[in-house]
Amino acid sequence: MDTQTHLEDLANEIFCELFEYLHALDIFTAFASLNKRISSILRSIPLRIVISKKHCRNQIDFLSSHLSLHTHQVISINIRDTIRDDASIISLLFSRHDFINLQFCRLATIDRSTKLDNVIKQIKTFDKLVSFNISNLTDETMNADDKCELTRTMLMHQSSSLRSIALRYGYDYSNISNYISLPPNVTSLHLYIAGSRAIVSVRSVIAVLRLCHRVRSLHIILKDNSPVDDTDIYDPITIPSINENDLPVLSQVISFGLTLFTPWNNDSIACILRCMPNLKYFFFTLGPYASQTLFPVELLDGYVWQEMLELYVPYLSKFEFHMSVWKCFPPTDLDIVIDSFENFVGKYSNWHMVIDQWRLQCESSAEFLILRTLNYHKYKSIINIFVPAIHSGYFDTRSTMEIEDDHYLFYVNELDLNIYIAFERSPIRCSSPLFQQVKCFKLELPIVPSSLLNSLLDIVNFHQISDDDAQETVAYLSNLVHLPMITRIEFGSSFNTYRWKHVQFILQACPNMVDLTILTELLISSKFIDNPSLISAFKEIEAIETTFEDVYFPSSFAPKLVERFPSLTHIELQVVSFNNCASIIDIFLSHLKNLSYLKIDYFEDTSLDDLKNVVKHFP
C-alpha cells in the first residue's frame, strides 16, 4: 500500500534540525502561523538573525513583530545597518528588543544617522557573548562618541566567554595606554587604527601589542588620514625612536595580519615582527595611499623580505601578501622583482607570486603595480583593495609560475574590473584571459567628438565606425576577461551613439550578460534598440541602469523598452520632470511582471496638484 508522508508527520527532532539551516526571518515567514505544534517548536529553538542590503523595511517590521515573543532565543545577529529602502536598522532592533542571550554579534555599514547608545548599553550586560564584530570601513559615517564608548566597552569587557573582538572602524587609540589588558579569554583581535602619520606609527602598534599577551590571532589595519598638498616635495620615511629592549613579546601569537594604507618601510615591519617569535602565519596587505612620503621601494625586494622573516619569525610556514603601489620614476623592472622572490617558491608550500604593471595614463610617468601571492585570496580579509582602470596603452605582467596562462589564478576572488582600451594597445602574451574569473566590468574607450561644433569632423572621420575597429576592441577585451563569464557590463560615457557597433559586438560575445548600464542617448537610439542582431540578447537582460549625459529618458520610449526587455526586474533611469514618472510607471507595472525595483531620478520639481494626481493614479 502506498503511504504518504505529510509535513506534520515529521518528528520534532527533524524540524529542529531543519531550522538550524534557516534564519529567523525565513523561519517566521514560512512556519510562524502553521499550527500550534510548530509554534511550540519555534519557542524552543535558537534563532539567528541575518539582515542584508537586499532586505526591505516591511520585512524588518515583520521580523520584529515576531521577535517580541522570541528575543531570548536569539543567539546570533548579523545585521547590515543600511538596507534596500531604509537605514539605522541596528538602532531600530536594539531599541525594540533586549538580546539577553546573544553569543555572536556582527554589525556592518553603520549609517550616519545611527546612534549606538542602546547597542552599547546592551553589550555591557552580555555575559554569554563569544564574538563581537563591527565593520564600518567608511568610518566617517560613524559617530565619534560612539567609537570612543564602544572601544572602551569592548576592550574592558569582563565576560569570560568572550573570545573574539573585531573593531573595524577607524579610531586613533590615543588612549590605549589607559587599558591594562584585554578581556581575560580573548584570543582573536582585529583593530583599525586611523589618524595622522604620528598616530599610525610603529609606536601606536606597540602600545596595542602590550595588551595582547593571550591573543593568538591578531590583525591591525593602519590608515594615514593626513592631508596631502599639491607640491612635488616628498619626504623620506622616518621611524620614531623605539627602545628595542622594551618591546613586548607575544609568544602566543601564531597568526598576524598587517594592512597598511600608510608608508611603512621594512624596518617598521621588522620592529613589529620581532615581537612575535612564534609566528606561523603572516598576511601582509599594502593598499594604495596618498602621501608625500617617498615610496619604500625595498618592499619590492624579495631578498629584503627573506632576511627579515628568517631573522625575526623563524617558525613562519605561510607568507601571503597583496601590495598595490603607485610610484613614479624610475620604472620598475619586473624581472628583477620576480627573481628576488624566487627563493620563496621552494620555502613555502604552493607559493607563487605575480606582479602586474600598468600606467594610469599614456602620457604619465606614474605606474601602478600589484604584487600578489597565489593563496592570498584564501585570507579572510574584509578589505577590498581598489584596483584602478587597467590601461591598454601599457600593461605588463610576470610571475614565478612557469605557465603564463595561469595568471587568473592569482585573482580568483576579484570579480569586477575597470578597463580603458586606448588607441595604443600593449600586446598580451598569454593565450587565455588574464582575469577570466571576472563577472562584471566597466569599459571606457577614447572619447569620440560629437558636438555640433565638430559635426564636420564627425562626417569626415567618424561617419561610420567600421566592423573591424569594433571587433578589434572585442578581441583585445577577450585577452583580459573571459566574455562568456560576464553577467554585468557598464558602458562608460565614451559609449555614445557612435559606438553602437562596439556595444553590439560586445553584447553578442557575452551570452550570459543580464545586467546593463548604458547611456540613455545610446539606449534610445534606433541603431541600438532596433538592432535585429540584439533582440535575443535584450530578452535575457534583467537589469538596466541608464546614465545621464545631456539626454533624458523620454516617457514615449517606455513602451519600446518593455517590448525589447520583457525580463526586467530592476530599472534605474533619469527623466526631466516628476510629471514624466506617472505614465512611465504605469507602463512598467502593466507590462513587466517580474519588476521588483524601480528608481527614477527627476531634475525638475512638480506642482503639488500634479503630485496629488500621481499619488491618486498609483494608490
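Conventions adopted
Residues numbered from 1 in each chain as written. Predicted model: local features only at pLDDT ≥ 70, side-chain atom pairs only at ≥ 80, totals over all residues. Heavy atoms only, no water. Helix = DSSP H or I, 4+ residues; strand = E, 2+ residues; numbered from the N terminus. Axes fitted to C-alpha atoms, helices over the stretch in contact; angles between N-to-C directions. Parallel < 35°, antiparallel > 145°, perpendicular 65-115°, else oblique. Contact = heavy atoms within 4.5 Å. Nonpolar A, V, L, I, M, F, W, Y, C, P; charged D, E, K, R; others polar. Buried < 20%, exposed > 50% of the residue type's maximum accessible area, 1.4 Å probe, protein only. Pairing = 2+ DSSP bridges. Right-handed = clockwise from strand over helix to strand, strands pointing away. Salt bridge = Lys/Arg side-chain N within 4 Å of Asp/Glu carboxyl O.

Asks: Got a sec to walk through the environment of serine 174? Specific residues and values, please.
Replies: Among the structural elements, serine 174 can be located in the loop between strand E5 (164–171) and strand E6 (188–195). Taking the C-alpha atoms as reference points, serine 174 and alanine 207, 33 residues apart in sequence, are found 9.4 Å from one another.

Asks: Outline the packing of helix H8 (residues 202–209) against helix H9 (residues 266–273), listing residues and values.
Replies: Taken N-terminus to C-terminus, the directions of H8 and H9 make an angle of 10°; their axes are 10 Å apart at the nearest point. Looking at the two axes, H8 sits roughly parallel to H9. Each of Val202, Val205, Ile206 and Leu209 in H8 lies in contact with H9, whose residues at this interface are Ser268, Cys271 and Ile272. Residues that form the contact of H8 with H9 fall into these classes: six nonpolar, one polar and no charged.

Asks: Go over the pairing of strand E17 (residues 488–491), please, and point to the residues and values.
Replies: Residues Ile489 and Phe491 of E17 are buried on one face, while the alternating residues Arg488 and Glu490, pointing to the opposite face, are not. In this sheet, E17 lies alongside strand E16 (residues 440–444) in parallel orientation, the contact comprising four bridges. Opposite leucine 443, over in E17, you have phenylalanine 491 as the bridge partner. In the sheet, E17 pairs with strand E18 (residues 515–519) via three bridges, with the strands oriented parallel. Along E18, the bridge assignment pairs glutamate 490 with threonine 517. One crossover worth recording links E17 to the parallel E18 by way of helix H15 (residues 500–509), and it is right-handed.

Asks: How would you sum up the pattern of salt bridges? Please name residues and give values.
Replies: Under the criterion given, the structure shown has 18 salt bridges. The partner of aspartate 61 in a salt bridge is arginine 96, with the nearest N and O atoms 3.4 Å apart. Here aspartate 61, found in helix H4 (residues 57–67), pairs with arginine 96, found in helix H5 (residues 89–96); they are 35 residues apart in sequence, far enough to count as distant. Classification of aspartate 61 as partly exposed rests on a relative accessible area of 30%. Here lysine 442 and glutamate 490 are joined by a salt bridge, their closest N and O atoms 3.8 Å apart. A residue pair is termed long-range when its members are at least 10 positions apart, and lysine 442 in strand E16 and glutamate 490 in strand E17 qualify at 48 residues. Using a relative accessible area of 30% as the deciding quantity, one classes lysine 442 as partly exposed. A relative accessible area of 21% places glutamate 490 in the partly exposed class. Because the salt bridges share partners, they merge into one network encompassing Arg57, Asp61, Asp86 and Arg96.

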